[in-house]
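# Observations on the three-dimensional arrangement
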Amino acid sequence: MTKCDISFPLPLPDDPRKWQGWNNYRSPNYYERLCLDQHANPSNELIEEHCRELMRWWQKKLPLKNQPSNPLAQLLRSGLEESSRFLTEARVELVDPERRRVLDEQLEALQHEAAVFEFLKYLEFVLSNGLLTVEEEKNLLRFGAERALTEAEMNSTIEEALHKSGAQRQAVAPPPVANGTGAPVKSSSANPQEEFLRLMRLSNLDSFSLSDDQRDTFIDMAENLGLDPGEAEDLVDLYLEEADEKSLAAPPSATSTAPTPRAGGKPVSTPSPVEEKPSPAKIEHNPELERSRYSNFTNTVGEMMIFIPSADFTMGSDAEDAAPNERPLTHVTLSRFYISRCPITNAEYEQFDRAHQAKRAPGAGDRHPVVYVSYLDAVKFCQWLSTRERRKYRMPTEAEWEYAAKGNDQRKFPWGNYDGRGDLANFADRNTVFAWSDREIDDGYPESSPVGAFPLGASPFGIEDMAGNVWEWCLDYYELYRPGPKTNPRGSPAGSKRVHRGGSWKSRFSSLRTTARSSNVPGFSCNDLGFRIVCECD
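Conventions used here
Throughout this description, residue numbers start from 1 for each chain and increase along the sequence as written. A pLDDT threshold of at least 70 governs which residues receive local features in this predicted model, and a stricter bar of 80 or more applies before side-chain atom pairs are shown or counted, although totals over entire chains, interfaces and linings include all residues. Hydrogens and water molecules were not included; the side-chain quantities draw on all heavy atoms of the structure. Should DSSP find at least two bridges between two strands, the strands are regarded as paired. We count a stretch as a helix when DSSP gives it H or I for four or more residues in a row; a strand needs E for two or more, and each element gets its number in order from the N terminus. Whenever a helix is involved, its axis is fitted only over the stretch in contact; in every case the axis is a line through C-alpha atoms, and angles between N-to-C directions fall within 0 to 180 degrees. For this classification, under 35 degrees means roughly parallel, over 145 means roughly antiparallel, 65 to 115 means roughly perpendicular, and everything else is oblique. Each crossing gets its hand from how the near helix is turned against the far one by less than a right angle, where anticlockwise is left-handed and clockwise is right-handed. Throughout, a residue-residue contact means that at least one pair of heavy atoms, one from each residue, lies within 4.5 Å. Residues were grouped as follows: Ala, Val, Leu, Ile, Met, Phe, Trp, Tyr, Cys and Pro as nonpolar; Asp, Glu, Lys and Arg as charged; and all remaining residues, including Gly, as polar. Side-chain atoms alone can form a polar contact between residues adjacent in sequence; in general such a contact is a pair of N or O atoms within 3.5 Å, and within protein one must be able to donate a hydrogen while the other accepts it. For every residue, the predictor assigns a confidence score, pLDDT, that lies between 0 and 100. Each reported salt bridge corresponds to a side-chain nitrogen of Lys or Arg within 4 Å of a carboxyl oxygen of Asp or Glu. Burial classes: relative accessible area under 20% of the type maximum marks a residue as buried, over 50% as exposed, and values in between as partly exposed (1.4 Å probe, protein chains only). One less than the residue count of a helix, multiplied by 1.5 Å, gives the span that helix is expected to have. The directions from the helix axis to the C-beta atoms are what the arc is built from. Take the buried Ala, Val, Leu, Ile, Met, Phe, Trp, Tyr and Cys residues and link them wherever side-chain atoms come within 4.5 Å; each set so joined is a nonpolar core. Aromatic contacts are taken between Phe, Tyr and Trp rings whose centres are within 6.5 Å, Trp giving its six-membered ring; a plane angle under 30 degrees counts as stacked, one over 60 as edge-to-face, and the others as tilted. Two conditions define a charge located above a ring, namely a distance within 6 Å from the ring centre to NZ of Lys or CZ of Arg, and an angle within 35 degrees of the ring normal.

### Quick notes on the sheet that holds strand 3 (residues 297-298)
Spatially, 5 strands are ordered 3-4-7-14-8 in an open sheet, and the strand pairing comes out antiparallel. Since the sheet does not close on itself, it has two edges, and those belong to strand 3 and strand 8 (393-394), each with one partner. Looking at chain direction, strand 3 and strand 4 (residues 304-308) are connected through 2 bridges and run antiparallel. Bridge pairing in strand 4 places threonine 298 opposite methionine 304.

Next up, the structure:
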């Protein structure tokens, strides 16, 4: 079972940024509120001690209530008012034996449900090619056992999934070899090296599109298949050579042999790939023809995907109020793509991760944009949805995001060039307590708003919530713009931070401009940062 990993240092650090335990005071799990491990069976004395120390910590922070512009006051915000009530409630529930017994049963049920859901996600991915191999089934059973699932329920789940999907289970006994010695032929799909390469090929990634986080995910997957991490790294490099050779292939007359792994996982040496990518062919623009072939669609989580035809546009801004990182202006050519009409919502994301419901911002309903999701979480959601639909989903590149937000007429905001109105976007207005809040405007929301609440603020393509509400992760590593025309740019191949765009309910109106840029480390998450998705066209 998953265990609470919140440390409880004594004395507690005065600076909340040095310790994340303070942020759990309103968790739906009473153990987490008091920074306790349910599985350690804490005594009443330990419960009382944690409650007392946390109450003392929050009481020391109460003077911040009179300093609304102080960054720490903005970080702690509602906790200055609510912490005492939430902590006391947790203490009362945990020291009462009967209430605690009921709580433990509920938590066990939720953890079991989450484990089953994780198992189903893994199973769905494994069955995506219509065959369940012996090795894959063995890995599945090990995966479920590590999450305290019984063998009976795992086998039942597998049988049901096979029946529903029409996938086949690999025969247990492979045929004997032709020479009659009786030695079994080892199925290539049972070879963990071949199986790992097969999973990599399903991703359709190459060295230009594979992020460091995705690479780490594949290494973890290889370890689940029983491969050594060093061997897995070699196989990833081998796959990337193969993928890059395909994407940089010479004319058909030039032959090229795909590399295969040696025993032990070391790659066979292959000819060095072309050092520079050839100049991309000019993309012909015929929006009407493209729209006749590609229509909008609603995907399986219920999100409308809007078609954006191929186009040229100018990226960045040279306006006086533009930041230095929005320059120089760059001519960009984009190929057609689909982008979600709205950011991914709580209800949509929780079809992938049901446990996220406990992380929702207070008062946020199903239609509110999902927050407290890192870039890594967003990548995993896209991978899950890609496997589920046999399409290629990902986050938008910066260029795709900006074009979807403003089109090619250099407008300042998605809706045009006018500002100072509360019916266009959700930003820092009179309902917020920031030093920069605009006291003259009321947009109706103190924090995030349901997606689609500001239809007048839609972009030229009808894309909503591209300004305000929540920042949105993009695919690119953050870097300064470089001069020169670009075709389907994806930014730097490496970096420490990922871009996010669009501003949020915490932003001043000027930060809602279509060209404004920000960034953070891939593991960062907060209550005003979410994401939307792109689906690549065939």
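Having seen it, we continue.
### Focus on the packing of helix 5 (residues 97-126) against helix 13 (residues 375-389)
Closest axis-to-axis distance for the helix 5/helix 13 pair is 9 Å, and the angle between their directions is 50°. The orientation of helix 5 relative to helix 13 falls into the category oblique. Read as a crossing pair, helix 5 and helix 13 show a hand that is left-handed. Residue-level contacts link Lys121, Glu124 and Phe125 of helix 5 to Trp384, Thr387 and Arg388 of helix 13. Looking at the contact of helix 5 with helix 13, its residues break down into 2 nonpolar, 1 polar and 3 charged.

### Points about the side chain of asparagine 299
Along the chain, asparagine 299 turns up in the loop between strand 3 and strand 4. Here valine 301 takes part through its backbone nitrogen, which lies 3.2 Å from a polar atom of the side chain of asparagine 299. A polar side-chain atom of asparagine 299 sits 2.9 Å from the main-chain amide nitrogen of glutamate 303. Beyond its immediate stretch of four places on either side in the chain, asparagine 299 contacts Met305, Leu385, Glu389, Tyr393 and Ile533.

### What to know about the confidence of the model for the protein chain
The predicted model of the protein chain averages 82 in pLDDT, with 85% of residues at 70 or higher. When the criterion is pLDDT under 50, residues 1-5 qualifies, and its contacts beyond four places in sequence or with other chains add up to 12 contacts. Low pLDDT (under 50) marks residues 173-189, which in the prediction has 16 contacts with non-local residues, meaning those over four places away or in another chain.

### Quick word on the side chain of threonine 345
By the element assignment, threonine 345 lies in the loop between strand 7 (337-340) and helix 12 (346-349). For threonine 345, the contacting residues outside a window of four places in its chain are Asp366, Arg367, His368, Pro369, Val370 and Val451.

### Considerations on the pattern of salt bridges
Overall, the coordinates contain 33 salt bridges when judged by the stated rule. A salt bridge links glutamate 326 to arginine 513; the shortest N-O distance between them is 2.8 Å. You can see glutamate 326 sitting in the loop between strand 5 (311-315) and strand 6 (330-334) and its partner arginine 513 sitting in the loop between strand 11 (498-501) and strand 12 (517-520), a full 187 residues away along the chain. Residue arginine 490 is joined to glutamate 536 by a salt bridge in which the shortest nitrogen-to-oxygen separation is 3.3 Å. With arginine 490 in the loop between strand 10 (486-487) and strand 11 and glutamate 536 in strand 14 (residues 534-536), this residue pair connects regions lying 46 residues apart in the sequence. Judged by its relative accessible area of 28%, arginine 490 falls in the partly exposed class. Through salt bridges with shared partners, a single ionic network connects Glu398, Glu402, Lys406, Arg501 and Arg517.

### Some remarks on the sheet that holds strand 13 (residues 529-530)
Strand pairs in the sheet, formed through backbone hydrogen bonds, run parallel or antiparallel to each other. The 4 strands are arranged 12-11-9-13 in an open sheet whose pairing can be described as mixed. At either margin of the open sheet sits one strand with a lone partner, and together these are strand 12 and strand 13. The sheet contact formed by strand 9 (residues 471-477) and strand 11 spans 3 bridges and is antiparallel. By the bridge assignment for strand 11, glutamate 472 is matched with arginine 501.

### A look at helix 2 (residues 44-61)
In this model, helix 2 (18 residues) spans 26 Å end to end at C-alpha, consistent with the 26 Å of a helix rising 1.5 Å per residue. Every buried residue of helix 2 is accounted for by Ile47, His50, Cys51, Glu53, Leu54, Trp57, Trp58 and Lys61. When helix 2 is viewed along its axis, its buried side chains cluster within an angular range of 165° and face the same direction. Structural note: helix 2 exposes Glu45, Gln59 and Lys60 on the side pointing more than 90 degrees away from its buried face. Looking at the buried residues of helix 2, the elements they touch are helix 1 (30-33), helix 3 (71-76), helix 4 (79-95) and helix 5.

### A word on the nonpolar core
Tyr338, Tyr349, Phe381, Tyr393, Met395, Phe531 and Ile533 are the most contacted members of the largest nonpolar core, which totals 29 residues. The set of elements that each furnish at least two residues to this core consists of strand 4, helix 13 and strand 9. Considering each element in turn, this core owes the most residues, 7 residues, to helix 13. Apart from the residues lying within four places of it in its own chain, the contact partners of tyrosine 349 are Ile344, His356, Val370, Val373, Asp377, Phe381 and Phe531. Counting 26 residues, the second-largest nonpolar core is a separate cluster that includes Cys51, Phe86, Ala90 and Leu107.

### So, the packing of aromatic side chains
Tallied over the entire structure, the rule returns 28 aromatic pairs. With a centroid separation of 5.0 Å and 5° between ring planes, the pair formed by phenylalanine 434 and tryptophan 436 is classed as stacked. The class of phenylalanine 434 is buried, set by a relative accessible area of 3%. Judged by relative accessible area, tryptophan 436 falls into the partly exposed class, the value being 31%. A ring pair is formed by tyrosine 445 and phenylalanine 454, whose centres lie 6.0 Å apart and whose planes are at 65°; its orientation type is edge-to-face. Take tyrosine 445: its relative accessible area is 26%, and that puts it in the partly exposed class. Three or more aromatic residues joined by ring pairs make a cluster, and in this case those are Phe8, Trp19, Trp22, Tyr25, Trp57, Trp58 and Phe86. We note arginine 85 situated over the ring of phenylalanine 86; from NZ or CZ to the ring centre the distance is 4.5 Å.

### Some details on unusual backbone geometry
Here leucine 10 and proline 11 are connected by a cis peptide whose omega angle stands at 0°. Relative to the assigned elements, proline 11 resides in the segment before helix 1. The omega torsion across arginine 327 and proline 328 is 0°, close enough to zero to call that bond cis. Its place among the elements puts proline 328 in the loop between strand 5 and strand 6. Of note in the backbone geometry, tyrosine 372 takes a positive phi value of approximately 55° without being a glycine. As for its placement among the helices and strands, tyrosine 372 is situated in the loop between helix 12 and helix 13. At arginine 390, a position not held by glycine, the phi torsion is positive, near 60°.

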